[in-house]
Amino acid sequence: MKVDGKEMRPIWFEKGLQTVQVIDQRFLPHQLIIKDLKTVDDTIYAIKEMVVRGAPLIGATGAFGVYIALVQENNKGTDDNYIITQCNRLKDARPTAMNLFWGVDRVLSEALKQGNYENRVKAVLDEALKVIEEEAVNCQKIGEYGMPIIEQISKRKNNAPVNILTHCNAGWLACIEYGTATAPIYTAFDSNIDVHVWVDETRPLNQGSRLTAWELGKHGVNHTIITDNAGGHIMQHNMVDLVIVGTDRTTRAGDVANKIGTYLKALAAKDNNIPFYVALPSSTFDWDITDGIADIPIEERDPDEIRYAQGLVNGKLENVLVPPAQSRAANHAFDVTPARLVTGFITERGVCRATEHDILSLFPEKI
Ligand code: MRU
């Protein structure tokens, strides 16, 4: 996607330097900083500390992490135990998003097919590059399949703005291109459909107000930031036509893990008869589980992310303490929305209802 006229992705392989580079999302929207990932430790740090974040992007970063592990220790590159250990370390960096395990395992299995070091490096780099290109196309398709949902509402409203609420950042920064939840929005906007996006600020790290608002603004999409608690109120007052969110892991039966607060949005949407869609590439499905509440591990992050807020103070990024210094805080990073609250999934293969039967009719190879 374009940032000030320049094509950007949140991760890329810089051929000249033979280095993986990423946008450091901790400093957006105020500073656009690029970071090199040169070692497995750099890569793990980037995933854990959310230099990179968002399910498809951490999948892609994990995929490149396998390449980084090989070139970092070229004398161990053909040692299967070494590469498997590094892959396990990468997969331990964050627990909830399925894409991380998917990305690492996909590239690891290519590595293990090659005995010769040069062949192994080439196979791994090719596969990681394939992952990012495929995920970009998947998001484009999610946009194409999701756009008619917005178009229909626009027609019903005689072209008045379609108000879409989204939570967290499931935009191109979280993916490679277009985003998941934002892809239908960008596609509708680019097709001259009048859209307006309610952006949940998404405490504690403000992925909505920092990242989604920045992305939408750069693309020219009309949007308004709201507090995380405002959704129910604006839904009751007919100010929301549609909710679209992303997901970090979705079970084969349609339970959806996403950023903390998503479940409350789904409840409010149900109570107000507002369609609640989840947009995802197939790399986010966990085909091995059905019960999201029992089986999806929910990350608990550092309570300081709640206790401190980041912002610009006299032109400098600063962290300030908000609550009493001695108060405890608990930072549950995701929640699970049961399938019964989800109107449908928007995937790279089409739109389906949130039932195991309908999901598997799009992905019959997983039956
Ligand atoms: O903690 P984060 O910022 O990695 O959480 C990201 C989300 O919850 C997104 O909504 C999700 O990854 C979907 S991304 C397309």
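Residues numbered from 1 in each chain as written. Predicted model: local features only at pLDDT ≥ 70, side-chain atom pairs only at ≥ 80, totals over all residues. Heavy atoms only, no water.

Student: Requested: an account of the environment of Val-121, with residues and values cited.
Tutor: Considering the arrangement of structural elements, one finds Val-121 in helix α5 (residues 117-156). Residue Val-121 is classed as buried on the basis of its relative accessible area, which comes to 15%. Taking the C-alpha atoms as reference points, Val-121 and Glu-215, 94 residues apart in sequence, are found 34 Å from one another. (Helix = DSSP H or I, 4+ residues; strand = E, 2+ residues; numbered from the N terminus. Buried < 20%, exposed > 50% of the residue type's maximum accessible area, 1.4 Å probe, protein only.)

Student: How would you explain the pattern of salt bridges if you had to name every residue and give the values?
Tutor: Per the stated rule, a full pass over the model turns up 26 salt bridges. Across the salt bridge formed by Arg-9 and Glu-133, the nearest N and O atoms sit 2.9 Å from each other. With a gap of 124 residues between them, Arg-9 in the loop between β2 (6-7) and β3 (11-14) and Glu-133 in helix α5 connect regions that are remote in the sequence. When its relative accessible area of 41% is taken as the criterion, Glu-133 is described as partly exposed. Ionic pairing is found between Lys-130 and Glu-127, a salt bridge with its closest N-O pair at 3.9 Å. (Salt bridge = Lys/Arg side-chain N within 4 Å of Asp/Glu carboxyl O.)

Student: Which residues make up the packing of helix α6 (residues 182-190) against helix α7 (residues 207-219), and what values do they have?
Tutor: Contact pair α6 / α7: the axes reach a minimum separation of 12 Å and the direction vectors enclose 20 degrees. Taken together, the axes of α6 and α7 lie roughly parallel to each other. Pair α6 / α7 crosses with right-handed handedness. On α7, the residues that touch Thr-182, Tyr-186, Phe-189 and Asp-190 of α6 are Glu-215, Leu-216 and His-219. Here the residues of the contact of α6 with α7 sort into three nonpolar, two polar and two charged. (Axes fitted to C-alpha atoms, helices over the stretch in contact; angles between N-to-C directions. Parallel < 35°, antiparallel > 145°, perpendicular 65-115°, else oblique. Left-handed = near helix turned anticlockwise from the far one by under 90°. Contact = heavy atoms within 4.5 Å. Nonpolar A, V, L, I, M, F, W, Y, C, P; charged D, E, K, R; others polar.)

Student: Tell me about the domain arrangement of the chain, and please be specific about residues and values.
Tutor: For interface size, the figure often reported is the accessible area lost on association. Looking at the chain, the domain boundaries give domain 1 (2-134) and domain 2 (142-366). Summarising the inter-unit geometry, the C-alpha centres of domain 1 and domain 2 are found 25 Å apart. Summing the contributions of domain 1 and of domain 2, the shared interface buries around 2,900 Å²; its carbon and sulfur component is 58%. When the buried surface of domain 1 facing domain 2 is broken down by residue, Arg-53, Thr-96 and Met-98 rank first, second and third, together holding 22% of it. The interface formed by domain 1 and domain 2 contains three salt bridges. The residue Asp-4 makes a salt bridge to Lys-218 at a minimum N-O spacing of 3.0 Å. Only β1 (2-3), α2 (55-72) and α4 (98-111) provide two or more residues apiece to the side of domain 1 that touches domain 2. Here the residues of the side of domain 1 that touches domain 2 are counted per class, giving 20 nonpolar, six polar and eight charged. (Domains from an automatic or database assignment. Buried area = accessible area lost by both parts, 1.4 Å probe.)

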